[in-house]
Amino acid sequence: MQDDLRDHLITEEPYYQPVADEIELYEAAYSVRMPMMLKGPTGCGKTRFVEHMAWKLGKPLITVACNEDMTASDLVGRYLLDADGTRWQDGPLTLAARHGAICYLDEIVEARQDTTVVIHPLTDNRRVLPLEKKGEMVQAHADFQVVISYNPGYQSLMKDLKQSTKQRFGALDFDYPGHETEAKIVAHEGKINEEMAGKLVSVAERARNLKGHGLDEGISTRMLVYAASLIAKGVEPLGACRMALVRPITDDPDMRDALDSAVTTFF
Ligand SMILES: Nc1ncnc2c1ncn2[C@@H]1O[C@H](COP(=O)(O)OP(=O)(O)O)[C@@H](O)[C@H]1O
Ligand SMILES: [Mg+2]
C-alpha cells in the first residue's frame, strides 16, 4: 500500500452496535463500489459506522469535514510553491481515488454545489477524476469508494444536494437506535451501567418527541454519551443531564423547564 495511505488504515476495531442489516447492505454496496449516502440526524452513528466498515473491509479511510469555504482544490489538490519551484499536491479526494481508499465526505451539504460537482465523474461508471490544473485524468483505483453523509433535517431549498448528485448514490437511513440498543451503546461508550444508560435514553426519547414542537433537533446519541461520561467521572446525573443534554439544544426558558422536568422524572 502507498505510504500516504498507511496512516489512514484503521487497525483497531471501532466499536459499532448494528441497528438493522446496515453492515450487510454496506458490504454488498462496497462489493460493487456503489457510492453511498448515509442519511440521518447528527450524532446518531454515521461516522462511527463508516469507521467500522473501513476497518472491517481493511480499507484506508480518508475523511473530509465539509464546509462552505471548501473549494474544489481543497478536495482535488493544488500546486504548492517550494524551494525548487512548484510541486503538485494531491487533495484528499485525489489521494483516495488514486490509491484506493474510502473517501468520506462528512456533511456534504455544507459544501457549495460548485465544489460538490467534482465528485460526479468519480461516482458514475467512468470512475475518473480530471485534475484540470495538472492536465491529468486520474482513473480511480479498484478499491476506491465515495461515501457522503447527509442530514435531511437541516435542508432548506438553498442548501440541498442537487438531484444530479443524489442520484449517483445508494442510501442508508440512520436514526437513533431503539431503547435497548441505544442504552447498550451509551453504557459502552460512556462507561456507565446499562440501567443508568437506560434512564438517559428515556430522557432523550422525551426530547425527541418534542422535535418540531419547539425543538429543531432531538437529543442525539452523542449527547447521551457526553452525559454518561460526566456521570462516570462522578458528576451527579441531574447536573450532567442539564449540561450535556438540555442546555445545548435550547435557549427557550419554557422548553428548558420542560426538559429539566423530564430529567427529574428519571433521576
Ligand atoms: N450504532 C452505534 N454504535 C456505537 N456507537 C454509536 C452508535 N451510534 C452512535 N454511537 C456513539 O455516538 C457518537 C456519535 O456518533 P457519530 O457516528 O459521530 O454520529 P454522526 O456521524 O451520525 O453525527 C459516537 O462517537 C459513538 O460514541
Ligand atoms: Mg459525523
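Definitions and limits used
- Residues numbered from 1 in each chain as written.
- Chains lettered and ligands numbered in written order.
- Predicted model: local features only at pLDDT ≥ 70, side-chain atom pairs only at ≥ 80, totals over all residues.
- Heavy atoms only, no water.
- Helix = DSSP H or I, 4+ residues; strand = E, 2+ residues; numbered from the N terminus.
- Contact = heavy atoms within 4.5 Å.
- Areas by Shrake-Rupley, 256 points an atom, 1.4 Å probe, with all protein chains shown as cover.
- Lys, Arg positive; Asp, Glu negative; His and termini not counted.
- Charge placed at Lys NZ, Arg CZ, Asp CG, Glu CD.
- Near = heavy atom within 4 Å.
- Polar contact = N/O pair within 3.5 Å; in protein donor to acceptor, adjacent residues only side chain to side chain.
- Nonpolar A, V, L, I, M, F, W, Y, C, P; charged D, E, K, R; others polar.
- Core = buried A, V, L, I, M, F, W, Y, C linked by side-chain atoms within 4.5 Å.
- Buried < 20%, exposed > 50% of the residue type's maximum accessible area, 1.4 Å probe, protein only.
- Phe/Tyr/Trp six-rings, centres within 6.5 Å; stacked < 30°, edge-to-face > 60°.
- Lys NZ or Arg CZ within 6 Å of the ring centre and 35° of its normal.

A. The overall build of the chain, seen in detail. Within the chain one finds twelve helices and nine strands. Taking the intrachain contacts of the chain between residues at least 6 apart in sequence as the baseline, contacts between residues at least 24 apart amount to 70%. Just so you have it, the chain exposes about 13300 Å², and 50% of that area is on carbon and sulfur atoms. The average position of the 30 basic charges and that of the 41 acidic charges among the side chains of the chain differ by 2 Å.

B. Spotlight on the environment of Phe 144. By the element assignment, Phe 144 lies in the loop between β7 (136-139) and β8 (145-150). Put simply, Phe 144 and Pro 35 are 109 residues apart on the chain and 9.4 Å apart in space, counted from C-alpha to C-alpha. Here Phe 144 is in contact with Arg 33, Leu 93, Ala 96, Ala 97, Gly 100, Ala 101, Cys 103, Leu 122 and Arg 127, once residues within four sequence places are set aside.

C. Highlighting the site of ligand 1. Lining the immediate environment of ligand 1, one finds 16 residues, of which Gly 43, Lys 46, Thr 47, Glu 189 and Arg 222 sit closest. The contact in question runs from an oxygen atom of ligand 1 to an N or O atom on the backbone of Gly 45, over 3.1 Å. Tallied by class, residues from the shell around ligand 1 come to six nonpolar, six polar and four charged.

D. View of unusual backbone geometry. Although it is not a glycine, Arg 127 sits at a positive phi angle of roughly 50°. Within the element layout of this structure, Arg 127 appears in the loop between α6 (113-116) and β6 (128-131).

E. Structural detail: the environment of Gly 45. Tracing the backbone through its elements, the reader meets Gly 45 in the loop between β1 (36-39) and α3 (46-57). Here the alpha-carbon distance between Gly 45 and Glu 205, two residues 160 residues apart in the chain, equals 17 Å. When near neighbours in sequence (up to four residues on either side) are disregarded, Gly 45 contacts Tyr 16 and Phe 174.

F. Structural view of the nonpolar core. Residues Leu 75, Leu 93, Leu 105, Phe 144 and Ile 148 are the most contacted members of the largest nonpolar core, which totals 32 residues. Counting only elements with at least two residues in this core, the list comes to β2 (61-65), α4 (72-76), α5 (92-99), β5 (102-106), β6 and β8. Excluding anything up to four places from it in sequence, Ile 148 contacts Met 36, Met 37, Leu 38, Tyr 104, Leu 105, Ile 108, Leu 161 and Phe 169. Membership of the second largest hydrophobic core comes to 25 residues, among which are Ala 197, Ala 204, Leu 245 and Val 263.

G. Structural context of the packing of aromatic side chains. Going through the model one piece at a time under the given rule, you end up with four aromatic pairs. On the numbers, 5.6 Å between centres and 90° between planes, the contact of Tyr 26 with Phe 49 is edge-to-face. Taken together, the residues span a long stretch of sequence, with Tyr 26 in helix α2 (residues 22-31) and Phe 49 in helix α3 at a distance of 23 residues. Comparing Tyr 26 with Phe 49, the two get one shared label, buried. Each member of the aromatic cluster is reached from another via a ring pair, and the members are Tyr 16, Tyr 26, Phe 49 and Phe 174. Above the face of the Tyr 30 ring, Arg 33 is positioned so that its terminal group lies 4.0 Å from the ring centre. We note Arg 208 situated over the ring of Tyr 176; from NZ or CZ to the ring centre the distance is 3.8 Å.

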